[in-house]
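Breakdown of the fold
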Amino acid sequence: LTPIKATKSTTQPSQSQPKKKKEKLSALCKTPPSIVRTRNGRDYHRGTFLGEGGFARCFQMKDSAGHIYAAKTVAKASIKNEKTKTKLLSEIKIHKSLKHANIVNFVDCFEDDINVYILLEICPNQSLMELLKTRKRVSEPEVRYFMVQIVGAIKYLHSRRVIHRDLKLGNIFFDPDMNLKIGDFGLASVLPDNNSKKYTICGTPNYIAPEVLGGKLVGHSYEVDIWAIGIMMYALLIGKPPFQAKDVQVIYERIKKTEYFFPADKPISEEAKTLIKDLLSLNPLNRPTINEILSYDWFKGPFPDKTHEISLSDTPRGLN
Ligand code: ADP
């Protein structure tokens, strides 16, 4: 990719894609050719379609040695303006700089006339979103184990001044060994220093922090990721995000008032409630920092030693 002159990075809301926009995306992102040859002569063979987001379509890609990757494919025709180009380059630059056991590994990046390809470590077991859809609710020991992995990855991000800004169950994937990997750095941002703030309203409705909804004057920082951890923990334990509603404006009103409750018919431990309440503090400064989360009593409870594939569809024995 030819780097373009960096301009002030801005992001747009990655909210639920209207149908029309999605159809347009599919039309733009034609299926990539069956063989993609990189500039330095490496051939990748396209495999099955893995999924699509607001921006990209993802396919399996196999190299000549038989290694399988996921290729996030962005149609050049969809990179219409400088802003979109800057965003894509920013995602690539940030993702490329990261290496952690619980972050989807960035392998390579190349292009042909039609597409830009971001080659990633393959996560063939989908994400926490599909797991929750199938399981309806997840046991506390399993969620604890997931949380330790997620917190570890975000600790790494925040220590490098990276805010993810789009943490959600659908962006946390399972690798072939069922370890969790955070992906999609499309809204990520690197702070120039720990005191600076971001002002662009972005995120996904159910996961968006109240200070982001406060408008451009308020500003936001690392605490938006902490809020999203609270949303994910609640969703996994209860079965749906705390501020869920059909109407997006209703979701936003609930978030701004932190209007949620713990349903009596879906009991969870007091230790879990304490942690969720702190993570979902209205004032970002009252939320624990990423380095404080694992000190909560909830983490003193039992853990499974590993996540097995059976967990994708069923509660493992002994955990219900
Ligand atoms: P966008 O930036 O457009 O939202 P995503 O990064 O969310 O794109 O990827 C779109 C979809 O592609 C995901 O929802 C998932 O189904 C699939 N996908 C993304 N990364 C991987 C991966 N590393 N392994 C397997 N599938 C992936």
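See the structure above.
In this report, the structure presented in the accompanying data block is examined.

Analysis parameters
- Counting restarts for each chain, with residues numbered from 1 along the sequence as it is written.
- Residue-level local features of this predicted model are given only where pLDDT is at least 70; pairs of side-chain atoms are given and counted only at 80 or more, and the full residue set underlies all totals for whole chains, interfaces and linings.
- By convention in this description, side-chain values take in all heavy atoms of the structure and omit both hydrogens and water.
- Using a 1.4 Å probe on the protein chains alone, a residue whose accessible area is under 20% of its type maximum counts as buried, one over 50% counts as exposed, and one in between counts as partly exposed.
- Helix numbering and strand numbering both begin at the N terminus, where a helix is a DSSP run of H or I of at least 4 residues and a strand a DSSP run of E of at least 2.
- One bridge is not enough; two strands pair if DSSP finds at least two bridges between them.
- In summary, the pairing rule links any two rings of Phe, Tyr or Trp, Trp by its six-membered ring, whose centres are within 6.5 Å, and it sorts them by plane angle into stacked for under 30 degrees, edge-to-face for over 60 and tilted for everything else.
- Ring-over charges, as used throughout, are those where CZ of Arg or NZ of Lys falls within 6 Å of the ring centre and within 35 degrees of the ring normal.
- Under the rule applied, a polar contact is a pair of N or O atoms within 3.5 Å (in protein, one hydrogen donor and one hydrogen acceptor; residues adjacent in sequence only if both atoms are side-chain atoms).
- Axis definition: a line fitted to C-alpha atoms, over the contacting stretch in the case of helices. Angles run 0 to 180 degrees between N-to-C directions.
- By the definition used in this description, the sense in which the near helix is turned from the far one sets the handedness, with an anticlockwise turn below a right angle giving left-handed and a clockwise turn giving right-handed.
- Contact definition: two residues touch when any of their heavy atoms are within 4.5 Å.
- Lys, Arg, Asp and Glu make up the charged group, whereas Ala, Val, Leu, Ile, Met, Phe, Trp, Tyr, Cys and Pro make up the nonpolar group; the residues left over, Gly among them, are polar.
- Here the expected span of a helix is defined as 1.5 Å times the quantity of residues minus one.
- By definition here, a salt bridge exists when the distance from a side-chain nitrogen of Lys or Arg to a carboxyl oxygen of Asp or Glu is within 4 Å.
- We call a residue near a molecule or strand whenever a single non-hydrogen atom of that residue lies within 4 Å of it.
- Calculation of accessible area relied on Shrake-Rupley with a 1.4 Å probe; when residues are assessed, cover is drawn exclusively from the protein chains displayed.
- Here the nonpolar core consists of buried residues drawn from Ala, Val, Leu, Ile, Met, Phe, Trp, Tyr and Cys, with membership extended through side-chain atoms lying within 4.5 Å.

Time to look at the pairing of strand E3 (residues 57-63). A large share of E3 lies buried, amounting to 5 of its 7 residues. Where E3 and strand E4 (residues 68-75) come together, 6 bridges link them in antiparallel fashion. Bridging from a neighbouring strand, cysteine 58 pairs with lysine 72 of E4.

With that out of the way, let us pick up the packing of aromatic side chains. On inspection of all chains with the given rule, the structure shows 11 aromatic pairs. Each ring, one from tryptophan 227 and one from phenylalanine 243, has its centre 5.7 Å from the other, and the planes form 5°; the classification is stacked. On the criterion of sequence distance, the pair formed by tryptophan 227 in helix H6 (residues 223-238) and phenylalanine 243 in the loop between H6 and helix H7 (248-256) is long-range, its members being 16 residues apart. With a relative accessible area of 0%, tryptophan 227 lands in the buried category. Chaining the aromatic ring pairs together yields one cluster made of Trp227, Tyr234, Phe243, Tyr260 and Phe262. Above the ring of tryptophan 298, the side-chain terminus of arginine 144 is found at 4.8 Å from the ring centroid.

So, about the environment of serine 159. Residue position: serine 159 is located in helix H4 (residues 140-159). You can call serine 159 exposed: its relative accessible area is 58%. As a C-alpha pair, serine 159 and asparagine 115 span 44 residues in sequence and 33 Å in three-dimensional space. For serine 159, the side chain forms a polar contact with the main-chain oxygen of tyrosine 156, separated by 2.7 Å.

Two elements in contact, H6 and helix H8 (residues 270-279), have axes whose closest approach is 8 Å; the angle formed by their N-to-C orientations is 145°. Crossing angle aside, the handedness with which H6 passes H8 is left-handed. The residues of H8 that touch H6, namely those facing Ile226, Trp227, Ile229, Gly230, Met233, Tyr234 and Leu237, are Ala272, Leu275, Ile276 and Leu279. Grouping the amino acids of the contact of H6 with H8 by side-chain chemistry returns 10 nonpolar, 1 polar and no charged.

Helix length check: H6 (16 residues) gives 23 Å between terminal C-alpha atoms against 22 Å at 1.5 Å per residue, within 8%. Counting buried positions along H6 gives 16 out of 16 residues, so the element sits mostly inside the fold.

This part covers the environment of leucine 157. Checked against the element boundaries, leucine 157 lands in helix H4. For leucine 157, a relative accessible area of 0% puts it in the buried group. The spacing of leucine 157 and valine 190 is 33 residues in sequence and 9.2 Å in space, taken between C-alpha atoms. Here leucine 157 is in contact with Leu98, Ile103, Val162, His164 and Phe185, once residues within four sequence places are set aside.

Across all of its chains, the model carries 16 salt bridges by this definition. The salt bridge partner of arginine 135 is glutamate 142, with a shortest N-O separation of 2.7 Å. Of the residues examined, glutamate 142 reaches a relative accessible area of 2% and is grouped as buried. Of the charged contacts, one joins lysine 257 and glutamate 259 as a salt bridge, the two residues approaching to 3.4 Å between their closest N and O atoms.

Moving on: the site of the ligand. The full set close to the ligand counts 17 residues, and Phe55, Ala56, Lys72, Glu121 and Cys123 are the nearest of them. The contact in question runs from an oxygen atom of the ligand to an N or O atom on the side chain of lysine 72, over 2.8 Å. Burial of the ligand by the surrounding chains reaches 85%, relative to a free accessible area of 560 Å². With 3 residues, the single largest contributor to the shell around the ligand is strand E2 (residues 43-52). Of the residues assigned to the shell around the ligand, the class counts are 9 nonpolar, 4 polar and 4 charged.

Right, let's talk about the environment of lysine 198 for a bit. Topologically, lysine 198 is positioned in the loop between strand E10 (189-190) and helix H5 (210-213). Once residues lying within four places of it in the same chain are set aside, the contact partners of lysine 198 are Ile163, Arg165, Ser189, Leu191, Gly219 and His220. Here the side chain of lysine 198 touches serine 189 through a polar contact of 3.2 Å, side chain to side chain.

We now examine the nonpolar core. Among the nonpolar cores identified, the biggest contains 65 residues, and Met147 and Met233 are the most heavily contacted of them. Among the elements that make up this core, the one with the highest residue count is H6 (13 residues). Ignoring sequence-local partners within four residues, the contact set of methionine 147 consists of Ile229, Met232, Met233, Leu236, Trp298 and Phe299.

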